[in-house]
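Survey of secondary and tertiary structure
The chain contents come next:
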Amino acid sequence: MIANYHTHSRWCRHGVGEFEDYFEKAISLGFQELAMTEHVPHRDRWSWIPWEEFEGFDRALNAAIEKYRDRITLIKGFECEYDPSQMEDYRWLREELGYNFLILGQHGAGKNLEINSFTIHTGKELRIYADWVCQGLETGLFVMLAHPDVALNEYPRPWDKDCEKAFAQIFSTCERLRIPVELNVNGFRQGRGYPSERAMLFSKNYNLKYLINSDAHDPAFLYDEAGRQMEEWAARMGIQAEERFPWGSR
Ligand SMILES: [Zn+2]
Ligand SMILES: [Zn+2]
């Protein structure tokens, strides 16, 4: 692994480590690129970083990047929910503050994000999740789809018509918009219901690019045993993940 495009820090409150700790670790691993993608501040829900802390966060990140810029390519981004009420904020972050690398991680779906993507149990919820993911991708604001298969975390049936329909919609949209799909090491590390072998095998019906990302919330996890196992897991399925972000679209 020579790059990672999904990284958190202590700023989201359930992670540990300062930006510098991640940069040092990435350099020691021989990484060429690292994207910091903390959970985006949200006006009313899903707010891991409160807006009141955003200014301090932004200042600290810019200072850390400045300090390390000669040693590694550092990319500013956020992990975002698609939510129409937040799109102006996302655009502002991207266009005014240089957070170019916005990744879509849909942890909630539905008008009020009332469906928790980690606890989807019905085909109907799954299809709503797919709709929200695809509406998000269509905005053109997001450069990568994080853990598409998070929706299968607790899905009670093996692989049914609803799964096929939802993931056909998601993967065909990624294919058409040329948005890379993530293989999420954090789910793997924690023994969650994603990454889903069934979903990823199904994804091979589409012409997709893949990235293996650590989704680290601790510098020690940037490239760990779980990361190596994930590489083998992908290889066994015949999925060739990219070493670096493809298409330079950031
Ligand atoms: Zn986090
Ligand atoms: Zn994440």
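Structure's up top.
Cut-offs and rules
- Residues numbered from 1 in each chain as written.
- Chains lettered and ligands numbered in written order.
- Predicted model: local features only at pLDDT ≥ 70, side-chain atom pairs only at ≥ 80, totals over all residues.
- Heavy atoms only, no water.
- Donors = N, O, S within 2.8 Å, 3.2 Å for Na, K, Ca; no water.
- Tetrahedral: all angles 85-135°; square planar, octahedral: opposite > 155°, others 65-115°.
- Buried < 20%, exposed > 50% of the residue type's maximum accessible area, 1.4 Å probe, protein only.

A few points about the coordination of the zinc ion (ligand 2)
Looking at the zinc ion (ligand 2), one finds its protein donor set to be His-6 (NE2), His-8 (NE2), Glu-79 (OE) and Asp-215 (OD), positioned 2.1 to 2.4 Å from the metal centre. Of note is the zinc ion (ligand 2), whose four donor atoms meet at the metal with angles of 79 to 165 degrees in an arrangement that counts as irregular. In this model, the zinc ion (ligand 2) sits 5.3 Å from the zinc ion (ligand 1). A relative accessible area of 0% means that His-6 is categorised as buried.

Digging into the coordination of the zinc ion (ligand 1)
The zinc ion (ligand 1) binds to the protein through Cys-12 (SG), His-14 (NE2), His-39 (NE2) and His-217 (NE2), with metal-donor distances spanning 2.1 to 2.8 Å. Here the zinc ion (ligand 1) binds four donor atoms, and the angle range of 91 to 126 degrees at the metal identifies the geometry as tetrahedral. Of note, the donors binding the zinc ion (ligand 1) are all from one chain and are spaced C-x1-H-x24-H-x177-H. Taking relative accessible area as the criterion, Cys-12 reaches 1% and is therefore assigned buried. The exposure class assigned to His-14 is partly exposed, which follows from its relative accessible area of 42%.

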